[in-house]
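In case you want the letters, here they are:
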Amino acid sequence: MPRYLTGIQSSGKPHLGNILGAIAPALELSKTSDAAFYFIADLHTLTSSKDPKALRENTLEVAAAWLACGLNVQKDVFYRQSQIPEVCELAWYLNCFAPYPMLANAHSFKDKSENLSSVNAGLFVYPMLMAADILMYDAEVVPVGKDQKQHLEMTRDVAEAFNRTMGPTFVVPEAYIREDVMTVPGVDGRKMSKSYGNAINVFEDEKSLRKRIMSIVTDATPLEAPKNPQTCTVFALYRAVAPADAVEELRRRYLEGNFGYGQAKQALFEAVMERFGPAREKFRHFVENPQIVEELLRLGEEKARSVSRPVLERVRRALGYSV
Ligand code: AMP
Ligand code: TRP
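Since the model is a prediction, treat every value here as computed from it, not as a measurement.

(A) Layout of the packing of helix 4 (residues 86-95) against helix 13 (residues 290-319). In the contact formed by helix 4 and helix 13, the axes pass within 11 Å of each other and the chain directions differ by 35°. Once helix 4 is placed against helix 13, the crossing between them reads as left-handed. The residues of helix 13 that touch helix 4, namely those facing E86, E89, L90 and Y93, are L312, V315, R316 and L319. Split by residue class, the contact of helix 4 with helix 13 holds five nonpolar, no polar and three charged.

(B) Representation of unusual backbone geometry within the structure. Of note, the phi angle at D138 is positive, near 50°, even though the residue is not glycine. Inspection of the secondary structure puts D138 in the loop between helix 7 (121-135) and strand 4 (141-144). With phi around 55°, N258 is a residue other than glycine that occupies positive phi space. For N258, a relative accessible area of 56% translates into the label exposed.

(C) Quick peek at the domain arrangement of the protein. By domain assignment, the protein separates into domain 1 (5-183 + 290-319) and domain 2 (194-284). If you average the C-alpha positions of domain 1 and of domain 2, the two centres end up 33 Å apart. Where domain 1 abuts domain 2, roughly 1200 Å² becomes buried across the two surfaces, and 73% of that area is made up of carbon and sulfur atoms. On the domain 1 side of the contact with domain 2, H15, L16 and A68 bury the most area, a combined 43% of that side's loss. Applying the counting rule to domain 1 against domain 2 returns one residue pair in polar contact (both at pLDDT 80 or more).

(D) How the structure looks around the site of ligand 2. The local shell around ligand 2 holds 14 residues, among which G7, Q9, Y126, D133 and Q148 are the closest. Side-chain polar atom of D133 to a nitrogen atom of ligand 2: 2.7 Å apart, as the coordinates give it. Within the contact set of ligand 2, a nitrogen atom lies 3.1 Å away from a side-chain nitrogen or oxygen of Q148. When ligand 2 sits alone it has 370 Å² of accessible area, and the protein chains cover 89% of it. Contributing elements (two or more residues each) for the shell around ligand 2: strand 1 (5-9), strand 2 (37-41), helix 7 and strand 4. Broken down by class, the residue content of the shell around ligand 2 amounts to eight nonpolar, five polar and one charged.

(E) Main features of empty space enclosed by the protein. Inspection of every chain in the model, using the stated rule, returns one cavity of 30 Å³ or more. Considered as a void within the structure, the largest cavity measures approximately 40 Å³ in volume. Along its surface, the largest cavity is lined by F39, Y79, Q81, I84, V87, D133 and Y137. When the residues that make up the lining of the largest cavity are grouped by side-chain class, the tally is five nonpolar, one polar and one charged.

Parameters at a glance
Residues numbered from 1 in each chain as written. Chains lettered and ligands numbered in written order. Predicted model: local features only at pLDDT ≥ 70, side-chain atom pairs only at ≥ 80, totals over all residues. Heavy atoms only, no water. Axes fitted to C-alpha atoms, helices over the stretch in contact; angles between N-to-C directions. Helix = DSSP H or I, 4+ residues; strand = E, 2+ residues; numbered from the N terminus. Left-handed = near helix turned anticlockwise from the far one by under 90°. Contact = heavy atoms within 4.5 Å. Nonpolar A, V, L, I, M, F, W, Y, C, P; charged D, E, K, R; others polar. Buried < 20%, exposed > 50% of the residue type's maximum accessible area, 1.4 Å probe, protein only. Domains from an automatic or database assignment. Buried area = accessible area lost by both parts, 1.4 Å probe. Polar contact = N/O pair within 3.5 Å; in protein donor to acceptor, adjacent residues only side chain to side chain. Near = heavy atom within 4 Å. Areas by Shrake-Rupley, 256 points an atom, 1.4 Å probe, with all protein chains shown as cover. 1 Å grid on protein atoms, 1.4 Å probe; cavity = no way out; pocket = protein on both sides within 12 Å on 5 of 7 lines; lining within 4 Å. Points joined across faces, edges and corners; volume = space filled by probe spheres on them.

Here it is, written out as structure tokens:
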């Protein structure tokens, strides 16, 4: 069984797109692993945001979302990147093996390099902190979204360069990019994203969640007319959360006509409550009892350290820093 590892940014509240596109598939994958490593990449967040209060709140909510969705802390290793500061030491070593043009070519940097005065050095070396996250735990398979593919290639390149120069030291990881993971639309029909302000937060209180679902943009097809499930955002979301037979039933009602978008939205609201009811309760429990989340994360951090320490020692030895 390969060792899976992936990092989750803590730059905002977890939304339905994050749950269906990242959390659920990762938890599914962890069932095929002895111990998967899932961590909150809270050091990466500092490249874009300097707000300690928001960082704390988002870290708690992201952790609560993973736990509420079923992360098993007995088996898997769940931790905060910032609590294993040795990762910064490893990132430094890797920086010294990373050719400047490789880093200058990273999309995460290039996209912002038109306005260089707003780019901090942290953003420039971001891919090597990510490489350190991965190499620090001898991870073999790293499930990520397509946008992270280039970072994974850089991780492999730097690990191979290090191994070539200093002798075999790192496990060279593979990216696992699931092409079939759905893109969840937001209330305006574009890809759900916190930066578009179109996200649905399934952990919100019932009233606000209902209001949010009722705000989904639909076309002006009259009530009596048949409706096209293929172009409807409400239908796309329903298909993402409801069981297959219920989806077929809704499709039938769309095609039949005399079925309004208001009714479709109500059905979606009910399907969301049905699917996430137990997770919503757990989420609330964790957010109201942050000390429980803290304890679980500390447990994960102990386990993480037991793996990272010997790897770091191996690296120090290879470099001549071991005493
Ligand atoms: P982000 O919140 O944009 O940093 O995304 C975190 C993870 O959630 C990424 O790995 C994405 O694959 C996933 N994700 C974010 N938005 C969506 C979406 N609208 N549909 C599917 N997956 C998403
Ligand atoms: N950069 C990733 C993202 O923005 C998060 C991340 C940090 C990560 N370290 C990682 C993902 C290590 C996988 C492995 O989504």
